[in-house]
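# Architecture at a glance
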Amino acid sequence: MKTVVIGLSGGVDSAVCAALLQKSGYRVVGVNLDAGFSPNAAKDAQAVADSQGFELIIVNTAARMQELVIDPFYAAYSCGQTPNPCISCNPTVKFPSLFDIADKYDGLVATGHYAVIEKVGLYKGVKGRDQSYMMYRLRREWLARLMFPLGRMQKTEVRRLAAEMGIPVANKPDSMDICFPVAQQPLTWDIYHENGKYLGKGEGVYTIGQRRGLGIASDGRIYVTKIDAAKGEITLGNIENVQNTTLNIQNVHWLIDTPTKPLECHCKIRHTGTETPALVHIEGDTAQIEFKAPVFAGAPGQSAVFYQTNQVLGGGIIV
RNA sequence: UGGGCUGUAGCCAAGUCGGUAAGGCACCAGACUUUGACUCUGGCAUUCCGCAGGUUCGAGUCCUGCCAGCCCAA
């Protein structure tokens, strides 16, 4: 009987995922990654495991999270960047932890993410819930051993199954936010308008393209157009000045063979954004993206992810 | 000091021949979302239009005085 190691968050998705795989004949081992931020998560995961009758291993990931995700997260913000912790957590903490355990069983790995793996490629999950953007940095060699059984399901279907299979967390609300508590950053900024006018002081973190929370009134909507961490200056301007037609990226990562010529694809530069046709000029682990239409607010630290129809090709981090 | 202008919510700002306070921004709430914060929906002047009087059935809108700020002249 093949073993599959399942990341069990304590939520509905991973619970249904585990139950489905068990039903289809796998030996299921649940793994709850506990970084200490969600006191009930491990308890809920245990309840799920108990109700379905499989083993649960709880792994303390606090130290790895701190070192590989949280510290870099704050460091990036104080450099004026907009980090995406989920994108870095997946390949550095979450999936390595699961594969470590799977190796011991010579098994597979599964999670409740809404993405699809087919023919050793990564594809988008069901429309409206797709989480593939967060997964483009997975190691390519993992894909052959990885399953996302819920990738094509609707959430309502998942919840229905959960209720049907007697899963204790069937009605638990979705988690949406970052999984660790974010401390207020002791950063202060001088805020200027593009025309040079001084507008006031600001505190905390800012993102290119941000509009709300600026506390500054003007005749129209204004957005953060520039962040200069060295000088501690933020610049605001009109929406036309937050559009990009080209972006440079670094730490490029591929889930396909590295293209040898410029890549025609669709590119998404934020999780909730839309895809824009683009041409990617690749140079080693950096690349320049040439968009066919302007994109809104490319923020350093966020990822640009490349798609062809439903397949995730790779991506990189905006410079 | 003489002449002129302005004073409407946190900011900007409409407000006509007097008729019972537009809009934008900010802010707040919600939707969306595996950090980004884009977008959308809703809320947001009832001791009220610098203050005090007056005219009028009725004044932000007319009249008088005062206060504050700005500009020009000195």
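Quick look at the structure, then. (Residues numbered from 1 in each chain as written. Chains lettered and ligands numbered in written order. Predicted model: local features only at pLDDT ≥ 70, side-chain atom pairs only at ≥ 80, totals over all residues. Heavy atoms only, no water.)

### Here's the deal with the overall build of chain A
What chain A contains, in helices and strands, is 5 helices and 17 strands. Computed over the C-alpha atoms, the radius of gyration of chain A is 21 Å, within 12% of the 20 Å expected from 2.2 N^0.38 for a compact globule of 319 residues. Dimensions of chain A, computed from the C-alpha atoms along their principal axes, are close to 65 × 45 × 35 Å. Across the 319 residues of chain A, 50% fall into the buried class. Counting contacts in chain A only where the partners sit at least 6 residues apart, residues at least 24 apart contribute 65% of the total. Each charge sign in chain A was given a centre, from 31 positive and 30 negative side chains, and these centres are 4 Å apart. (Helix = DSSP H or I, 4+ residues; strand = E, 2+ residues; numbered from the N terminus. Rg over C-alpha atoms; globule rule 2.2 N^0.38 Å. Buried < 20%, exposed > 50% of the residue type's maximum accessible area, 1.4 Å probe, protein only. Contact = heavy atoms within 4.5 Å. Lys, Arg positive; Asp, Glu negative; His and termini not counted. Charge placed at Lys NZ, Arg CZ, Asp CG, Glu CD.)

### A short note on the packing of helix H3 (residues 62-78) against helix H4 (residues 85-105)
Interhelical geometry of H3 versus H4 gives an angle of 175° and a closest axis separation of 9 Å. Overall, the two elements H3 and H4 adopt an arrangement that is roughly antiparallel. Where H3 approaches H4, its residues Arg64, Met65, Leu68, Val69 and Phe73 are matched on the opposing element by Pro85, Ser88, Cys89, Thr92, Val93, Pro96, Ser97 and Asp100. (Axes fitted to C-alpha atoms, helices over the stretch in contact; angles between N-to-C directions. Parallel < 35°, antiparallel > 145°, perpendicular 65-115°, else oblique.)

### Some thoughts on the protein's contact with RNA strand B
Near RNA strand B, the surroundings consist of 33 residues, among which Asn84, His113, Met176, Arg211 and Arg270 are the closest. Counting only the atoms of RNA strand B that lie within 4 Å of the protein, the sugar and phosphate share comes to 71%. A distance of 3.1 Å is found between a base nitrogen of RNA strand B and a side-chain nitrogen or oxygen belonging to Arg212. One of the side-chain N or O atoms of Arg221 is found 3.1 Å from a phosphate oxygen in RNA strand B. Counting residues per element, the ones that place at least two in the surface near RNA strand B are H3 and H4. With 3 residues, H4 is the largest single contributor of residues to the surface near RNA strand B. Per-class residue counts for the surface near RNA strand B are 14 nonpolar, 13 polar and 6 charged. (Near = heavy atom within 4 Å. Polar contact = N/O pair within 3.5 Å; in protein donor to acceptor, adjacent residues only side chain to side chain. Nonpolar A, V, L, I, M, F, W, Y, C, P; charged D, E, K, R; others polar.)

### Observations concerning the sheet that holds strand E9 (residues 198-203)
With mixed pairing, the 4 strands of this open sheet are ordered in space as E9-E8-E11-E10. The open sheet is flanked by E9 and strand E10 (223-228), the only strands paired with a single partner. Between one strand and the next, the sheet's axes are offset by a mean angle of 30°, whatever the strand orientation. Pairing between E10 and strand E11 (residues 233-237): 5 bridges, direction antiparallel. By the bridge assignment, Tyr223 is partnered in E11 with Gly237. (Pairing = 2+ DSSP bridges.)

### Observations concerning helix H2 (residues 41-52)
Over its 12 residues, H2 runs 17 Å from end to end, which matches the ideal 16 Å to within 8%, given 1.5 Å per residue. Of the positions making up H2, those classed as buried are Ala41, Ala42, Ala45, Val48, Ala49 and Gln52. The arc that holds the buried residues of H2, viewed along the axis, is 120°, so those residues lie on one side. In H2, the exposed positions angled more than 90 degrees off the buried face are occupied by Lys43 and Asp50. For H2, the secondary structure elements touched by its buried residues are helix H1 (12-23), strand E2 (27-34) and strand E3 (55-60). (Expected span 1.5 Å × (residues − 1). Arc of directions from axis to C-beta.)

### Quick word on unusual backbone geometry
Despite not being glycine, Val120 shows a phi value in the positive range, around 55°. Its location among the elements puts Val120 in the loop between strand E5 (115-118) and strand E6 (121-124).

### Brief notes about the packing of aromatic side chains
In total, this model carries 11 aromatic pairs according to the counting rule given. Considering the side-chain rings of Trp189 and Tyr206, the 6.3 Å spacing of their centres and the 85° angle between planes classify their relative orientation as edge-to-face. With Trp189 in strand E8 (residues 188-193) and Tyr206 in the loop between E9 and E10, this residue pair connects regions lying 17 residues apart in the sequence. Considered together, Trp189 and Tyr206 belong to a single accessibility category, that of buried residues. When the centroid spacing of 5.7 Å and the interplanar angle of 75° are considered together, the rings of Tyr223 and Phe296 count as edge-to-face. (Phe/Tyr/Trp six-rings, centres within 6.5 Å; stacked < 30°, edge-to-face > 60°.)

### What to know about the nonpolar core
Judged by nonpolar contacts, the single largest core of 29 residues is most densely connected at Ile6, Leu8, Val16 and Ile167. Breaking this core down by element, the ones donating at least two residues are strand E1 (3-7), H1, H2, strand E4 (108-110) and helix H5 (155-164). When residues no more than four places from it in sequence are discounted, the contact partners of Val16 are Leu150, Val158, Leu161, Ala162, Met165 and Ile167. (Core = buried A, V, L, I, M, F, W, Y, C linked by side-chain atoms within 4.5 Å.)

### Some details on the environment of Asn248
Mapping Asn248 onto the fold places it in strand E12 (residues 243-254). When the C-alpha atoms of Asn248 and Thr286 are compared, they prove to be 7.4 Å apart, with 38 residues separating the residues in sequence. When residues no more than four places from it in sequence are discounted, the contact partners of Asn248 are Ala287, Gln288, Ile317, Ile318 and Val319.

### Notes on the side chain of Gln302
Counting through the fold element by element, Gln302 comes out in the loop between strand E15 (286-296) and strand E16 (303-308). From its side chain, Gln302 meets the backbone oxygen of Pro83 in a polar contact 3.4 Å long. In contact with Gln302, not counting residues within four places along its chain, are Thr82, Pro83, Asn84, Tyr133, Ile269, Arg270, Gly316, Ile317 and Ile318.

On their own, these measurements won't tell you what the molecule is for.
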